[in-house]
Number of protein chains: 2
Amino acid sequence: MEILIYENLNQIQKKEILRRPAVKAKDEISKIVEEIIQDVKKRGDEALIEQALKFDKVTISSIKISQDSIKNASKRIDKELKKAIKLAFENIKKFHEAQIFKKIKLETTKGVKCELLTRPIEKVGLYIPGGLAPLFSTVLMLAIPAKIAGCEKIVLASPAKINDAVLFCANLCGVDEVYQMGGAGAIAALAYGTQSVEKVDKIFGPGNAFVTEAKARVSADIEGADIDMQAGPSEVLVIADEYANAQFVASDLLSQAEHGADSQVLLVCLSENFAQKVNDEVQKQLENLARKELASQSIVHSKIIVAKNLEQSLEISNAYAPEHLIIQTQKPRELLSGIKHAGSVFLGAYSPESMGDYASGTNHVLPTYGLTKTHSSLNLADFSKKMTVQELSVKGFKRLGKSVAILAAAEALDAHKNAVELRLKSLKEK
Amino acid sequence: MEILIYENLNQIQKKEILRRPAVKAKDEISKIVEEIIQDVKKRGDEALIEQALKFDKVTISSIKISQDSIKNASKRIDKELKKAIKLAFENIKKFHEAQIFKKIKLETTKGVKCELLTRPIEKVGLYIPGGLAPLFSTVLMLAIPAKIAGCEKIVLASPAKINDAVLFCANLCGVDEVYQMGGAGAIAALAYGTQSVEKVDKIFGPGNAFVTEAKARVSADIEGADIDMQAGPSEVLVIADEYANAQFVASDLLSQAEHGADSQVLLVCLSENFAQKVNDEVQKQLENLARKELASQSIVHSKIIVAKNLEQSLEISNAYAPEHLIIQTQKPRELLSGIKHAGSVFLGAYSPESMGDYASGTNHVLPTYGLTKTHSSLNLADFSKKMTVQELSVKGFKRLGKSVAILAAAEALDAHKNAVELRLKSLKEK
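Residues numbered from 1 in each chain as written. Chains lettered and ligands numbered in written order. Predicted model: local features only at pLDDT ≥ 70, side-chain atom pairs only at ≥ 80, totals over all residues. Heavy atoms only, no water.

- The name an unreviewed UniProt entry gives chain A is Histidinol dehydrogenase, with Campylobacter cuniculorum DSM 23162 = LMG 24588 as the organism.
- Taken directly from UniProt, the Sequence similarities (unreviewed entry) text for chain A runs: "Belongs to the histidinol dehydrogenase family."
- As stated in UniProt under Pathway (unreviewed entry), the record for chain A gives "Amino-acid biosynthesis; L-histidine biosynthesis; L-histidine from 5-phospho-alpha-D-ribose 1-diphosphate: step 9/9." (UniProt positions renumbered as here; feature names shortened; annotations may be inferred.)

Take a look at the structure:
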């Protein structure tokens, strides 16, 4: 890892070291994705079945997984794993239930009742990538809040053949339908519907560049579907002082690095000596990792930044606006109020990212690529929407009526004024 | 207005009558907007000054309005108007202050603290269109929640020459800077910054097709800025039963129609007789409107749908998912629980849309074009973002550690498992 002394950098360099790599030109991906979307819109299930053979090398006869298959998956899962999943389930459920929106209702003026209410998004689609590491934990992170929010229909898509733990979690969370379909085709099917896939209003979940492009495309189409957020490469920033355990810090940096070659890993610490200690530990731990190859590629372009004090560490972190922010200092909570932008914050030596990724209860779907400056971590509100209500009594209407007529007139909105004045007039006549 | 009996329609017709008109092909607009954006990115203030002359026919020497000019605007405003603005201000403030997010903090497992916190979006830009009707009310709707949310910098842009009431409202709400610039150029300046315009993180506010396209473009660019929502033509759906006042209903339909030729106006009622009464009233009131021309064009493609009962009325409304939903029935509140999708709901004869547009306290920035199925009415949360925090004590960590290691192993995430296990090991050694 490159070690940089922040104070020795000029303004441009300071900005440069926190810059994320440019997202690769995607003209080719864009073209392929558009073709896949059109094919699914045109041929529906037939296209999906062909794509399963072409991309996932699996022959399937139907898209929908039977309820029996889903239930049978449970039998094939290790007892210890089931127990661990249930523990995670309970914590995630508790944290998201605590987010249930309490309606807001008040009289702004006597006789003028105003309310803010939520309504669930009716139909949601959850996408879970296939591949080597079956992300069953993401099923929990998406399906639990969907259920709590009260979504009427929750469907899940994942490439064939779907991992047993994914099916187990879907069943545990009360997912209504599971479809074996993957990639851009799955996103198209969720956005537009097919013979056996129900069209949904909003699509959630991670995916590769094809899935990301497909999500961008269907969300830009008014006939398509809304999406949770645009996902970039995963990232972590660790702030550590001299009290931190270099071994722990190194293990957290590597947790992030193993996600992929494009993972972003940054350590901000307070001395070159500590920086070197962590760097040595990273090299040591890296040797024994199953995903050594991937993690090494990420580590190569990762940086350790030496700040002059904790205040400057926070400044660097806020400029970067990380997805995951781990704070391993003597008094981690003292830094919390200074954090302006982060997806999820991990306080202290015993709060490694793994905890939030799986089981502390917080959601692991987080904004990346600096989007924490404007976007929220996935939370219950993403599965519902808010509407306002107003109800004026005759007295309340009279209290505001004249003012509203004046305001409408000043904006040259005659009919708005008229709608008020003819009511005022009718009340006088009574 | 066309009168249709819902029961006489087939499924395709039912869908067809609720379809919004396709947004016009915008290739030409798109090209012009892209040129304007590039010009502002390249030449900054110089480009904006040229654009003011070209599009707004105004010669300006600087973009920023002085604090003196802002304060002087107040002196030129009618006393009655000022009073009305202040009344609106107070109600909007009360309703949005009631939305302040109370942090969520709980232990999901003993020793595992999880929190959901908000942080304001640092810098926000508010765009207020120019034109005939200066939308000073929109200044209130955007700047009041921005201030309550705690945004550090609130700037406002509007085409030269800016209306006095707009400046008055900006000052009243505590806007930090006002820039005289309009259209796509203003959006580009807010998204990228210029010599005198501060770059912001998120842009709010309505605008014409050029502004809408510019907002779409800068929000798709990771170096640009986030936006509030994509705005389509404004729309209203009124549900009325036999107890409704046809005159009132007609005035509400026209309030919507006067916004523009592309405004969407729908009435759902329970008899042809009532439909005809409202239609006659619409024609009568239309005669005296200042914006008769615009409103007539909207009314031509508007529809009255006769439903068989209130339940079917709700079904129609939910299928349409209107921006504004006005309910003028004998017991309007009884329908509230059946409303699945709406931006803002107006209950009863004395809650015309004008009230919410100006002064009841609710926000008048609402999703259009059916987006109420997935999007919220503008509210305080749009000016901030949520982040999660977790802090595990040693005991809390021990309670979850083993399970997390099992989960990470099942997802083949070795380093995640390692980050937990080396901590567990170090605790045993102590």
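That covers the picture; the talk isn't over yet.
1. Digging into the domain arrangement of chain A
Link 1 in the chain: For chain A, the assigned domains read domain 1 (27-102 + 121-227), domain 2 (232-374) and domain 3 (393-429).
Link 2 in the chain: Computed over C-alpha atoms only, the centres of domain 2 of chain A and domain 3 of chain A are separated by 58 Å. (Domains from an automatic or database assignment.)

2. Structural notes on the relation of the copies chain A and chain B
Link 1 in the chain: Relative to chain B, chain A is turned by 180° and slid 0.0 Å along the rotation axis, the superposed coordinates differing by an RMSD of 0.0 Å. What the rotation and shift describe, once combined, is the action of a two-fold rotation axis.
Link 2 in the chain: Of all interface residues in chain A, 100% are interface residues in chain B too; the two copies therefore contact each other through one and the same surface. (Least-squares fit on C-alpha atoms with pLDDT ≥ 70 in both. Contact = heavy atoms within 4.5 Å.)

3. Description of the UniProt feature "binding site: Zn(2+)" (unreviewed entry) in chain A
Link 1 in the chain: UniProt records the feature "binding site: Zn(2+)" (unreviewed entry) at Gln256, His259, Asp357 and His416 of chain A, using the numbering of this structure. With the annotated positions falling across 161 residues, the maximum pairwise C-alpha distance of 56.2 Å shows that they are not confined to a single cluster.
Link 2 in the chain: For Asp357 of chain A, the location among the structural elements is in helix 14 (residues 353-358).
Link 3 in the chain: Leaving out residues up to four positions away in the same chain, Asp357 of chain A has contacts with Ser137, Met141, His259, His324 and His364 of chain A together with His416 of chain B.
Link 4 in the chain: Inspection of the secondary structure assignment puts His416 of chain A in helix 16 (residues 414-429).
Link 5 in the chain: Take His416 of chain A: its relative accessible area is 0%, and that puts it in the buried class.
Link 6 in the chain: Setting aside chain neighbours within four positions, we find His416 of chain A in contact with Ala408 of chain A together with Ser255, Glu258, His259, Glu353, Ser354, Asp357 and Tyr358 of chain B.
Link 7 in the chain: Here the side chain of His416 of chain A touches His259 of chain B through a polar contact of 3.3 Å, side chain to side chain. (Helix = DSSP H or I, 4+ residues; strand = E, 2+ residues; numbered from the N terminus. Buried < 20%, exposed > 50% of the residue type's maximum accessible area, 1.4 Å probe, protein only. Polar contact = N/O pair within 3.5 Å; in protein donor to acceptor, adjacent residues only side chain to side chain.)

4. Description of the pattern of salt bridges
Link 1 in the chain: By the definition in use, this model includes 52 salt bridges over all chains.
Link 2 in the chain: Between Arg423 of chain B and Asp252 of chain A there is a salt bridge, and its shortest N-O distance comes to 2.8 Å. Highlighted residues: Arg423 of chain B in helix 16 (residues 414-429) and Asp252 of chain A in helix 10 (residues 246-257), drawn from two different chains.
Link 3 in the chain: The partner of Lys31 of chain B in a salt bridge is Glu35 of chain B, with the nearest N and O atoms 3.9 Å apart. You can see Lys31 of chain B and its partner Glu35 of chain B sitting in helix 2 (residues 27-43), 4 residues apart, about one turn around the helix.
Link 4 in the chain: By relative accessible area, which is 57% here, Lys31 of chain B ends up exposed.
Link 5 in the chain: Salt bridges sharing common partners tie together Lys64, Lys123, Lys153, Glu177 and Glu198 of chain A. (Salt bridge = Lys/Arg side-chain N within 4 Å of Asp/Glu carboxyl O.)

5. Describing the side chain of Asp226 of chain A
Link 1 in the chain: With respect to the helices, strands and loops of the structure, Asp226 of chain A is situated in strand 8 (residues 226-227).
Link 2 in the chain: When sequence neighbours within four positions are dropped, the list of residues in contact with Asp226 of chain A reads Asp201, Lys202 and Ile203 of chain A together with Thr374 and His375 of chain B.

6. Describing the packing of aromatic side chains
Link 1 in the chain: A complete count under the given rule lists 6 aromatic pairs over all chains for this structure.
Link 2 in the chain: Seen from their ring centres, Phe204 of chain B and Phe383 of chain B are 4.2 Å apart, and the 10° between their planes marks the pair as stacked. With Phe204 of chain B in strand 7 (residues 202-204) and Phe383 of chain B in the loop between helix 14 (353-358) and strand 14 (384-392), the pair connects residues that are 179 residues apart, well separated along the chain.
Link 3 in the chain: An aromatic cluster of at least three residues, connected via ring pairs, comprises Phe248 and Tyr350 of chain A together with Phe397 of chain B.
Link 4 in the chain: Positioned over the ring face of Tyr192 of chain A is Lys41 of chain A, at 4.3 Å from the centre of the ring.
Link 5 in the chain: If you follow Lys386 of chain A out to its NZ or CZ, it ends over the ring of Phe101 of chain A, 5.1 Å from the centre. (Phe/Tyr/Trp six-rings, centres within 6.5 Å; stacked < 30°, edge-to-face > 60°. Lys NZ or Arg CZ within 6 Å of the ring centre and 35° of its normal.)

7. A short note on the environment of Glu258 of chain B
Link 1 in the chain: Among the structural elements, Glu258 of chain B can be located in the loop between helix 10 (246-257) and strand 10 (264-269).
Link 2 in the chain: A sequence separation of 32 residues divides Glu258 of chain B from Ala290 of chain B, and the C-alpha atoms of the two residues are 9.1 Å apart.
Link 3 in the chain: Separated by 3.0 Å, the side chain of Glu258 of chain B and the backbone nitrogen of Ala415 of chain A make a polar contact.

8. As for helix 5 (residues 79-97) of chain B
All names here are of chain B.
Link 1 in the chain: Taking 1.5 Å of rise per residue, the 19 residues of helix 5 would be expected to cover 27 Å, and the 27 Å separating its terminal C-alpha atoms lies within 8% of that figure.
Link 2 in the chain: Buried within helix 5 are the following residues: Leu81, Lys82, Ala84, Ile85, Ala88, Phe89, Asn91, Ile92, Phe95 and His96.
Link 3 in the chain: At the N-terminal end of helix 5, a side-chain oxygen is found 3.1 Å from the backbone nitrogen of Glu80, two or three residues along, and the residue is Asp78. (Expected span 1.5 Å × (residues − 1).)

9. Brief notes about the packing of helix 11 (residues 272-286) of chain B against helix 12 (residues 292-300) of chain B
Residues and elements named next belong to chain B.
Link 1 in the chain: Viewed as axis vectors pointing N to C, helix 11 and helix 12 meet at an angle of 160°, and their least axial separation amounts to 10 Å. The angle between helix 11 and helix 12 falls in the class roughly antiparallel. Helix-helix and strand crossings are classified by hand; for helix 11 and helix 12 the assignment is left-handed. Residues Val282, Gln283 and Leu286 of helix 11 form the contact with helix 12, whose own contacting residues are Lys292, Ala295, Ser296 and Ile299.
Link 2 in the chain: Of the residues assigned to the contact of helix 11 with helix 12, the class counts are 4 nonpolar, 2 polar and 1 charged. (Axes fitted to C-alpha atoms, helices over the stretch in contact; angles between N-to-C directions. Parallel < 35°, antiparallel > 145°, perpendicular 65-115°, else oblique. Left-handed = near helix turned anticlockwise from the far one by under 90°. Nonpolar A, V, L, I, M, F, W, Y, C, P; charged D, E, K, R; others polar.)

10. Digging into the state of the cysteines
Residue and element names in this part refer to chain A.
Link 1 in the chain: One pass over the structure, following the stated rule, counts 0 disulfides over all chains.
Link 2 in the chain: The thiol of Cys173 is unpaired, and the distance to the nearest cysteine sulfur, on Cys169, comes to 6.1 Å.
Link 3 in the chain: Exposure remark for Cys173: the relative accessible area of 5% places this residue in the buried category. (Disulfide = S-S within 2.5 Å.)

11. Here we look at the interface of chain A and chain B
Link 1 in the chain: Counting from both sides, the interface comprises 121 residues of chain A and, opposite them, 121 residues of chain B.
Link 2 in the chain: Counting each side, the surface lost to burial between chain A and chain B is near 10,400 Å², with a carbon and sulfur contribution of 59%.
Link 3 in the chain: Contact with chain B buries surface across chain A, with Tyr350, Glu411 and Arg423 of chain A losing the most and accounting together for 8% of the total.
Link 4 in the chain: One salt bridge in this structure joins Glu122 of chain A and Lys340 of chain B, with 3.6 Å as the shortest N-O distance.
Link 5 in the chain: The interface formed by chain A and chain B includes 78 residue pairs in polar contact (both at pLDDT 80 or more).
Link 6 in the chain: In the side of chain A that touches chain B, the residues fall into 55 nonpolar, 36 polar and 30 charged.
Link 7 in the chain: Pairing analysis gives 4 bridges linking strand 13 (residues 344-347) of chain A to strand 14 of chain B, with the strands arranged parallel. When the sheet's bridge partners are listed, Leu347 of chain A is paired in strand 14 of chain B with Glu391 of chain B. (Buried area = accessible area lost by both parts, 1.4 Å probe. Pairing = 2+ DSSP bridges.)

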